[in-house]
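# Observations on the three-dimensional arrangement
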Amino acid sequence: MVLNELKRPLELRDVAKPKPGKGQLLVRVSTCAVCRTDLHVVDGELPDPKLPLILGHQIVGRVEEIGEVSDGPQQPDSRVAKAAPIFAIGDRVGIPWLGWTDGDCTYCRSGRENLCDNARFTGYTLDGGYAEFAVADAGYCFHLPERYSDVEVAPLLCAGLIGYRSYRKTGSARRLGLYGFGNAAHLIAQIAIYEGRELYAFTRTGDKATQRAAKELGAVWAGGSDELPPEKLDAAIIFASVGALVPAALRALAKGGVVVCGGIHMTDIPSFPYVDLWEERVITSVANLTRRDGDEFFEIAPRVPVRTYTETFALEQANTALDQFRAGKLGATAVLTISE
Ligand SMILES: [Zn+2]
Ligand SMILES: [Zn+2]
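Residues numbered from 1 in each chain as written. Chains lettered and ligands numbered in written order. Predicted model: local features only at pLDDT ≥ 70, side-chain atom pairs only at ≥ 80, totals over all residues. Heavy atoms only, no water.

## Regarding the sheet that holds strand β14 (residues 282-285)
Strand order across the open sheet formed by six strands is β11-β10-β9-β12-β13-β14, with parallel pairing between neighbours. The open sheet has two edge strands with one neighbour each: β11 (221-224) and β14. Each strand axis lies, on average, 20° off the axis of its neighbour in the sheet, ignoring direction. Helix-sheet contacts for helix α6 (residues 208-217) involve β10 (198-203) and β11, and the interaxial angle to β11 is about 165°. (Pairing = 2+ DSSP bridges. Helix = DSSP H or I, 4+ residues; strand = E, 2+ residues; numbered from the N terminus. Axes fitted to C-alpha atoms, helices over the stretch in contact; angles between N-to-C directions. Contact = heavy atoms within 4.5 Å.)

## Things to note about the pattern of salt bridges
Taken as a whole, this structure holds 19 salt bridges when the rule is applied. In this structure, aspartate 127 and lysine 50 form a salt bridge, with 3.1 Å as the shortest nitrogen-oxygen distance. Separated by 77 residues along the polypeptide, aspartate 127 in the loop between β7 (120-121) and β8 (133-137) and lysine 50 in the loop between α1 (36-42) and β3 (53-54) bring together distant segments of the chain. A residue is classified by how much of its surface remains accessible, and aspartate 127, at 32% relative accessible area, is partly exposed. Across the salt bridge formed by arginine 326 and aspartate 323, the nearest N and O atoms sit 3.2 Å from each other. With arginine 326 and aspartate 323 both in helix α9 (residues 318-326), this residue pair falls three residues apart, about one helical turn. For aspartate 323, a relative accessible area of 45% gives the class partly exposed. Shared partners join several salt bridges into a network, and the residues in it are Arg174, Arg175, Glu198 and Glu231. (Salt bridge = Lys/Arg side-chain N within 4 Å of Asp/Glu carboxyl O. Buried < 20%, exposed > 50% of the residue type's maximum accessible area, 1.4 Å probe, protein only.)

## Thoughts on the pairing of β11
The two faces of a sheet get side chains in turn, since along a regular strand they alternate between them. Bridge count between β10 and β11: four bridges; the pairing is parallel. Paired with threonine 203 across the two strands is glycine 224, which belongs to β11. Between β10 and its parallel partner β11, the chain crosses via α6, and the hand of that crossover is right-handed. (Right-handed = clockwise from strand over helix to strand, strands pointing away.)

## As for the coordination of the zinc ion (ligand 1)
Distances from the zinc ion (ligand 1) to its protein donors, Asp102 (OD), Cys105 (SG), Cys108 (SG) and Cys116 (SG), fall at 2.0 to 2.3 Å. Given four donor atoms and angles of 96 to 119° at the metal, the environment of the zinc ion (ligand 1) is assigned as tetrahedral. Going along the chain, you hit the donors of the zinc ion (ligand 1) in the pattern D-x2-C-x2-C-x7-C. Cysteine 108 matches aspartate 102 in its accessibility class, with the two residues each being buried. (Donors = N, O, S within 2.8 Å, 3.2 Å for Na, K, Ca; no water. Tetrahedral: all angles 85-135°; square planar, octahedral: opposite > 155°, others 65-115°.)

## Thoughts on helix α8 (residues 291-300)
Along α8, the positions that sit buried rather than exposed are Arg291, Asp293, Gly294, Phe297, Phe298 and Ile300. In the core, the buried residues of α8 are packed alongside α3 (150-153), α4 (159-168) and α5 (183-194).

## Re the state of the cysteines
Under the definition given, this model contains zero disulfides. The thiol of cysteine 141 is unpaired, and the distance to the nearest cysteine sulfur, on cysteine 32, comes to 13 Å. Of the residues examined, cysteine 141 reaches a relative accessible area of 2% and is grouped as buried. (Disulfide = S-S within 2.5 Å.)

## Some remarks on the environment of leucine 176
Assignment of secondary structure puts leucine 176 in strand β9 (residues 175-179). Residue leucine 176 is classed as buried on the basis of its relative accessible area, which comes to 0%. In this structure, the C-alpha to C-alpha distance between leucine 176 and threonine 122, residues 54 residues apart in sequence, is 31 Å. In this structure leucine 176 touches Tyr167, Thr170, Ala192, Glu198, Leu199, Tyr200, Ala235, Ala236 and Ile237, once residues within four positions along its chain are discounted.

## Considerations on the confidence of the model for the protein chain
Mean pLDDT over the protein chain stands at 94; residues scoring 70 or higher make up 95%. A low-confidence stretch, residues 75-81 stays under pLDDT 50, and its non-local contacts, those more than four residues away or across chains, total 16 contacts. (pLDDT = per-residue confidence, 0-100.)

## Some points on the environment of threonine 267
With respect to the helices and strands, the residue threonine 267 is situated in the loop between β13 (253-261) and β14. Relative accessible area serves as the criterion here: at 44%, threonine 267 is assigned to the partly exposed category. Residues threonine 267 and leucine 245 lie 22 residues apart in sequence; the distance between their C-alpha atoms is 9.8 Å. For threonine 267, the side chain forms a polar contact with the main-chain nitrogen of glycine 243, separated by 2.8 Å. (Polar contact = N/O pair within 3.5 Å; in protein donor to acceptor, adjacent residues only side chain to side chain.)

## Structural notes on the packing of α4 against α8
At their nearest, the axes of α4 and α8 sit 9 Å apart, and the two run at 100° to each other. As judged from the angle between their axes, α4 and α8 are roughly perpendicular. Where α4 abuts α8, its residues Gly160, Leu161, Tyr164, Arg165 and Arg168 lie against Asp293, Gly294, Glu296, Phe297, Phe298 and Ile300. Grouping the constituent residues of the contact of α4 with α8 by class yields five nonpolar, two polar and four charged. (Parallel < 35°, antiparallel > 145°, perpendicular 65-115°, else oblique. Nonpolar A, V, L, I, M, F, W, Y, C, P; charged D, E, K, R; others polar.)

## Quick look at the pairing of strand β4 (residues 59-66)
In this sheet, β4 lies alongside strand β2 (residues 24-33) in antiparallel orientation, the contact comprising seven bridges. Paired with arginine 28 across the two strands is arginine 62, which belongs to β4. Where β4 meets strand β5 (residues 92-95), four bridges bridge the pair, whose relative direction is antiparallel. Paired with glycine 61 across the two strands is valine 93, which belongs to β5.

Structure, rendered in structure tokens:
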């Protein structure tokens, strides 16, 4: 399913089977979950996507062919060095958003490859998984926990990983607020509760169904994002792409609290009085993921165990999945089933 032009439906067509280069895997795609970022790309809200482009950065598949073994540069800083995972033909593999980094810029050398100056991203600047085959650099792929099926594990590859990075930015916060209780919040809530945090869920005003679902999951409080929680929060993560939630979340914070913006795109943030930020409150954002985030997340997820809720679509129905996502009509994470 190819995006030829922004703001246009994807086109079903045959493309040449990609060839794995040095250090790359050719993967027969089994499933690929749909992410809000895919919508941002289609809608032209992210700069300079590859065009034409195959979307999709939560890819689960099997290794079909292995390119020549890479003799490329290793991470030069031993603190961030990570042995590339070894894959064999037939292995199950997960391909995430972070597709490649140079290993050599200031960011890569300081353990922040998520900020790499020359990073390439799956389903954005590299072709992704809305297809029967994908190639990916082996060093950025993951082995996936066995307890999950190909459909179940796909949403963990972005909503899970980047949600987890957002969650780690909240440090040891005891009272944690989640604004926008969609896919990522749902996954991270399970880890937060597992780790003994008090969870406060903020939904669209009047969305009683989601508030009920959050409470069933273990939230101590659930309400609208226009409400203040009964206790001040130590941290809040905003998963919705609504800038007005930033000052709203700030007002809910205790002194020294942090607001983490977990999305790649957000509408403008309205101005707010300085007193809402004062007393060492912090606003930060999360960009992409590091491979270390992935290793940590895939270690903890099966222990919780984090459960995903999915709704499957055939590859040919990718436009339907995107349209339903945009319209807020999905009840769970959309997963395209391709060769599963
Ligand atoms: Zn770099
Ligand atoms: Zn994503």
